[in-house]
Amino acid sequence: MNHFLNSLFKSVLEQDRAAVVLCDLNHTIVYMNPAGVKNYQNYGGAALMGKCLMNCHNPHSREAIEKVVKWFASDKSHNLVFTHHNPKQNKDVYMVALRDESGELIGYYEKHEFRNAETMPLYEMN
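Given the structure is predicted, the values throughout are model-derived calculations rather than measurements.

Definitions and limits used
- Residues numbered from 1 in each chain as written.
- Predicted model: local features only at pLDDT ≥ 70, side-chain atom pairs only at ≥ 80, totals over all residues.
- Heavy atoms only, no water.
- Helix = DSSP H or I, 4+ residues; strand = E, 2+ residues; numbered from the N terminus.
- Contact = heavy atoms within 4.5 Å.
- Areas by Shrake-Rupley, 256 points an atom, 1.4 Å probe, with all protein chains shown as cover.
- Lys, Arg positive; Asp, Glu negative; His and termini not counted.
- Charge placed at Lys NZ, Arg CZ, Asp CG, Glu CD.
- Pairing = 2+ DSSP bridges.
- Axes fitted to C-alpha atoms, helices over the stretch in contact; angles between N-to-C directions.
- Patch = residues over 30% accessible without salt bridge, like charges linked within 9 Å, V, L, I, M, F, W, Y side chains within 5 Å.
- Salt bridge = Lys/Arg side-chain N within 4 Å of Asp/Glu carboxyl O.
- Buried < 20%, exposed > 50% of the residue type's maximum accessible area, 1.4 Å probe, protein only.

Peer 1: Whenever I open this one, the overall build of the protein confuses me. Can you help?
Peer 2: A count of helical and extended segments in the protein gives 3 helices and 5 strands. The helix and strand sequence of the protein, counted from the amino end, reads α-β-β-α-α-β-β-β. Seen through its principal axes, the protein has C-alpha atoms that stretch 45 × 40 × 30 Å. Once local pairs closer than 6 in sequence are excluded, the contacts in the protein between residues at least 24 apart make up 34%. Of the roughly 9,000 Å² of accessible surface on the protein, 56% is carried by carbon and sulfur atoms. Charge separation in the protein, taken as the distance between the mean sites of 13 positive and 14 negative side-chain charges, equals 6 Å.

Peer 1: Can you help me understand the pairing of strand S1 (residues 21-24) in this one?
Peer 2: On a regular strand, one side chain projects to one face of the sheet and the next to the other, so that they alternate. The sheet contact formed by S1 and strand S2 (residues 29-32) spans 3 bridges and is antiparallel. Each residue of the ladder has a partner; that of Val21, found in S2, is Met32. Linking S1 back to S2 in an antiparallel pair, the connection comprises 4 residues, with His27 at a positive phi of about 70°.

Peer 1: Got a minute to help me understand the sheet that holds strand S5 (residues 105-114) in this structure?
Peer 2: Working definition: the strands of a sheet are paired by backbone hydrogen bonds and lie parallel or antiparallel to each other. Across the sheet, which stays open at both edges, the 5 strands sit in the order S2-S1-S5-S4-S3 with antiparallel pairing between neighbours. Looking at strand neighbours, the two that pair on one side only are S2 and strand S3 (80-86), the edges of this open sheet. In this sheet, neighbouring strand axes are inclined to one another by 20° on average, regardless of whether the strands run parallel or antiparallel. Across the sheet, helix H3 (residues 59-74) touches S3, strand S4 (91-99) and S5, and the angle it forms with S4 is around 45°.

Peer 1: Would you mind going over a nonpolar patch on the surface with me for this structure?
Peer 2: Together, Phe4, Leu5, Leu8 and Phe9 give the surface a local cluster of nonpolar side chains, amounting to about 380 Å² of exposed area. Since its relative accessible area comes to 33%, Leu5 is described here as partly exposed.

Peer 1: Any chance you could explain unusual backbone geometry here in plain terms?
Peer 2: Excluding glycine, a negative phi dihedral is what most residues carry, and trans is how most peptide bonds are arranged. In this model, His27 sits at a positive phi of 70°, which is unusual for a non-glycine residue. Here His27 falls in the buried class, since its relative accessible area comes to 6%. A positive phi angle is found at Asn90, which is not glycine, with a value near 50°. Structurally, Asn90 can be placed in the loop between S3 and S4.

Below you can see the structure in the form of structure tokens.
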């Protein structure tokens, strides 16, 4: 069952149209979904996996990331932080804690929530 569940979770991430980049507590990029690879293609795309996320950020952003991760670690109920709104893409961006079965912090990711209304026709399957 665990393998099947892992396959389902991976499929959810793979099909998401928003970029998903998962990092461990050393800030190593351990996974990027196809939308993430495409979104960050100018910075290396899939080649970023296995590299440190901090290398992609300026000192101010690195400090903010460290501060959020420390906050996540301070309490198991600390799991979501709004980090900014991107007006060009009309989306809100959050950092989200990743926890194991016991609630221990094991990593984090950046979540993108687009504000644009869907343009795809209802039940369009062509």
